[in-house]
Structure formats: structure tokens, C-alpha cells
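The residues making up each chain are set out below.
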Amino acid sequence: MENYKKILLRSFAYMNCVIFCIFSLISYSTEGNVDYKSFDLDSTPKDLVWCGSTRDTVFVLTEKNSLYRSDDKGFTFKNMNDIMTNTGKDQLESNENEIGKVSEILLSPVDKNLVIFLGTHGINWVSQDCGRRIDGMNHGRKIQEFIFHPTERNWVLASAYTICDDFVDEPCKNFKEMFVTKDLGNSWNLLLSYVVQFNWGVTSSKHISNGIPKERILASYDPKGKGDQKHVGWNYKIDLIYSDDFFKSKRVAAHKGNKFLLTENYLYVAQVADQEFQEVLLLVSDSNLKIYNFEPIVLNHNNKFREHSYTFLDSTEGVIFLHINHFGETSEFGHVYVSDLTGTKFSLALPYNVRSADNQCDFDRINGLDGIYISNSIDEDFMQENFEEIEREELEKDTMSEKRKKNSELRHIKNYIKTKISFNKGGSWEEIKAPNRDVNGKLYDCESDCFLNLNGVSGSYAPFYSVDSASGLIIANGNVGQYLSQDSDEISTFLSRDGGYTWFEVRKGSHIYEIGDHGALIVIADDQHPTDMVQYSWDEGLTWQDLRITNDKIMIKNIIIEPSSTSLHFVVYGESTTVKGKK
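Criteria and thresholds
- Residues numbered from 1 in each chain as written.
- Predicted model: local features only at pLDDT ≥ 70, side-chain atom pairs only at ≥ 80, totals over all residues.
- Heavy atoms only, no water.
- Helix = DSSP H or I, 4+ residues; strand = E, 2+ residues; numbered from the N terminus.
- Buried < 20%, exposed > 50% of the residue type's maximum accessible area, 1.4 Å probe, protein only.
- Contact = heavy atoms within 4.5 Å.
- Core = buried A, V, L, I, M, F, W, Y, C linked by side-chain atoms within 4.5 Å.
- Salt bridge = Lys/Arg side-chain N within 4 Å of Asp/Glu carboxyl O.

Student: Please provide a residue-by-residue account of the side chain of Arg365, values included.
Tutor: The residue Arg365 is located in strand 30 (residues 363–365) in this model. On the basis of relative accessible area, Arg365 is assigned to the buried category, the value being 15%. In contact with Arg365, other than residues within four places in its own chain, are Asp314, Thr316, Glu317, Asp370, Ile372, Tyr373, Ser466 and Asp468.

Laid out in C-alpha cells, this is it:
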């Protein structure tokens, strides 16, 4: 699952009330003192990237597409906008007049010092030393997607839409094209037009050692595309193809194959079964075959459900967890299946798993431990009692009147969400046993069916969270009761030190949190009310100390640490609630 810190960055990017942002870094010195500094940004951060083998360099990209760089792990930042503009000027062609700004930051999987800055227009930038020197890179069009090769440092696949200047003696057409560069953007070659999805056909050196050519490229496209490219959901006209010679020749992998996922062992393809009803089948092949051999996955389930979309949840422990949306394009729930060791046969693991509108599912592996998963699902008894009505409403809700929506069963399903945990790779699931007392030592007011329910990514609060470097440590926002509540007065912050077997309440209210120093240091902050404080704990939440990080109270939006979660340096950012107009 996508790291929820990235999800938070993306979700907060759409707020309209951006006034002031602050970055504060916290470190614990050998004398026991806490050092921190703050820095003003022009708008909300939408991405933070650590660069280099020691991760001393930090890049921050804001919603206004301003780029900031720090060489000291974030204690001081420099605005890079003028540098990007000046280096971009040299790349302008005679028919171009806009340099643009940075829209995305991408790190190379091969070279930790190599970073690409995609631009809002045709100008992009490349640095081979974490931003100490930056060079311009002109593709001629705005790059939509940019995919590094997993083993070849200078090889990149990219996509861009056509522009009217491309058509001199014919009407303007808009469609997506795929390009390749073998020299890090100095030159580009067109590979394919009317592309839907593309990627390299190897994920690592393992594929190459098994005989898959490093040149292999996978792509789904419309072979008979003409005019403007239409994006209309699942489409019969799209085929999945692959090439080992940069499309001098190509082979069809799956007719009607629209979307695909390549893993170390498998290649999955969503093949259109019924375009009118937007139904698909999932095909699978061994990804280490020179010529793919696809067959439909087998679902060990008695009911014949339609399949509208797939979300791959986890594949880190030798099996695949797959969420299938059976109930319509905008459904708020689906079923989770787990594969056998072949990756072809799937059994129902968890019915009615909760999902969000952007296909994020309340399902997460507990990092640092094997076989433990936490998920949210709608109560099975409620669903079985109301299933026929809910299924009909799910399929018809796009055409429902507002009055009917108000009285529909669908409106009630989020009142029946339960959190469940599995300690055996999804073989069985159980409710989480609630702690006996709250943080103040008071017994919970819960007569029966008293469980701990925790927020996932579909909820209104920061979701359950763990890191690889802190085995057994989990922190989450939730409530004790029969079902998950979204009432802020009922939400508290809970922590487990033993991989989810036992939990205790650490603070009242919802908090944003981060884990550092292999779990020895936890930093949290109130994320529902203006505050000038964060709290930190050196004993896994048994005791907390306050740290004031700003003179004026701010709405803290996120706390972030470098990707390994082993550092003592934390980045905190938020928005001012008092200084109007200050950027």
C-alpha cells in the first residue's frame, strides 16, 4: 500500500486556506537537549524528498510549484526557483517562451544522487549530485510520466501528449505518446502512440538473470487509434503488447488488456470482459517467461460476482492480497482475496473491505513483522441483512435523487465499520481486543461488543501506521466500541508494542504521528486544533514530553522523517491560523 504520509501530502494539497507553512526539525543531542528551527514556505508542501546516501539533502516542493533545498537535513532551506529559471532559459527553443516551474521530484533507483525535476511545461531539470549542480532538459512537451529503468542508470521511459504544433498540414489531434532516452534526456526516440499504460518489463536484476532482456518494455495502447484519444474506462480496443528491441518488433500479450501490474514473479493484466457494463477479468502469467503465458485467475468463491476493478494490496510475503471491486465503479467496499503460492488461485480472505473513491483500501501490512495485517470492513451481519438493497443502490446511486440518497441503506454503511487483525497472513481475522482503561485510568463505558476500532486511509483521521525499523510498534487513531466512530469527541490515539496483540491509549483526541530511531523515539501532535506544541516519547508512549515549536499556534498537517525511519530528525509542517495574507 502507498505510504500514508504521501497520501496526506496529496490530500492536504487541495486546501484553499493556505496562509503560512512552517518546517521544524527536532533532534535529540547527547546532552538531552532538543534543537529545532523553523522556516517559512510560500504554500503547503506537496512533496518531500531525501537525496543522497546519507540523506543530508532534503527537497521540498510546494503547491505553488516552488522548490526548496536543504543541505543540512532540513535545518535551513534555500529557495531554488531563480536557479531553475536561469538554467531553464538555455533550453528554450525558438517557438517556446515559457520555462515553467517544477511539478514533480523523482529519484533514480540506481544512483542515490541522481534526481529529476519534471516541469510544468516542456523544460525539465536533472541533477547528478543532489542539486548542487542543476542542468536543464528540454523534451519539447510537458512530460506526463517519467520511469527510470531499474538497472540502467541513464535509460528512461516517458510520455507526453501531442500539441497542435506537431500537426502542420492536418487537424490538431491530442493523444499520448511514449518515448525512450538512453542518455538521460539528451535525446529522445518516439516508440508508440495512443498509449494507455507503459513500464519496463523488468523490476530488478533478477528478471534479467532469468533471461528477460533488459530492453523489454510493456505497454497497453490502441493499435487503431485515430483522432483525439478518449479516456472512457475499460475499452475493447486496447491491447497489451511488449517489445525487446524498442518496438522495432512487438508481440501481443493480451488482446483487450487495458491495465497491468508487473511484480518479481507475476504479470497481472486486467482484460475487458464487457465494455458496456465495465466488467473485467484478471489474467496472470509468470513474469520470468520470455513469452508470457496468461490464464485467468481462479477465485475460490461460490458467488458469481462481477469484477469492475482491482487493487493490489500486498505481495511482500510470497502471496498476493487482492481487493476486487465487485459492486460498481464508485463502490465504497469490495472483497479481499489471498493467493496461493502460484499467484493464480485466490480464496476469499475478507468480505466488504472498505475502500475510498480513489481506490485506497483500509488494508495494511504491519511492517517489521511477518504475517500481520490490519483492515477495516463493514459488519457482515449488517451486510447480509441488507445486501440486496445495498447492491441495488450501489449500482444505481449515480442516478439516484438526493432524497433517495438521503434515505438509502448506503448512507448507513460507514456506521457499521469494524477493525479486524490477522496474525496468519489473512487465514483468519478477529476483532482487536480493547484496552480495559483509558489513558487516565478510567474504565471504558462499553457494556458489550467492546472492541478497538482504528482509522484506515479512507477515514477522516491519520490511519494505522508502522515502519520496518521498529518491529512490533503500531500507532493509530480510533475508538473503543462496537463500531468505528468518526465523531472527534470519541477519537483517541492508541499504540501497540507487540504487533497488535495488546493496545493502550496514549492520548485523548486525534493526532498525527511519526516514528524514529528504530522505534525509540515517537513524535505526535494534535492535528484537529491549532497548537504550538508537539509531544515526544522515548519509552514507546509510556511518558510524553512537550516541545514548543512556534510562537503562534498553527494547524499541524504532517510529521515526516527520512524514509528509513531511523533518524532523530523530524520535519513538522502546518498552516498559520492568525497571520492572514502572509505566505
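Student: Can you explain the nonpolar core? Please cite residues and give values.
Tutor: Core analysis: the largest hydrophobic core is formed by 43 residues, its most contacted members being Leu452, Leu454, Ile475, Trp503, Val534 and Ile556. Ile475 has contacts with Pro463, Phe464, Tyr465, Thr493, Phe494, Leu495, Tyr513, Ile515, Ile522 and Ile524, leaving out every residue within four places of it along the chain.

Student: Can you lay out the environment of Leu118 for me, pointing to particular residues and giving the numbers?
Tutor: Topologically, Leu118 is positioned in strand 10 (residues 115–119). On the basis of relative accessibility, which here comes to 1%, the residue Leu118 falls in the buried class. Sequence separation between Leu118 and Met137 is 19 residues, and the spatial gap between their C-alpha atoms is 9.2 Å. Once you skip the residues sitting within four places of it in the chain, Leu118 turns out to touch Lys101, Val102, Ser103, Glu104, Leu106, Asn124, Ile143 and Phe146.

Student: Quick one: what's the story with the pattern of salt bridges, residue by residue and with numbers?
Tutor: Under the defined criterion, the tally for this structure stands at 21 salt bridges. One salt bridge in this structure joins Lys418 and Glu431, with 3.7 Å as the shortest N-O distance. You can see Lys418 sitting in strand 32 (residues 417–422) and its partner Glu431 sitting in strand 33 (residues 430–433), a full 13 residues away along the chain. Relative accessible area serves as the criterion here: at 11%, Lys418 is assigned to the buried category. Its relative accessible area of 26% is what places Glu431 among the partly exposed residues.

Geometric values such as these leave the question of function open.
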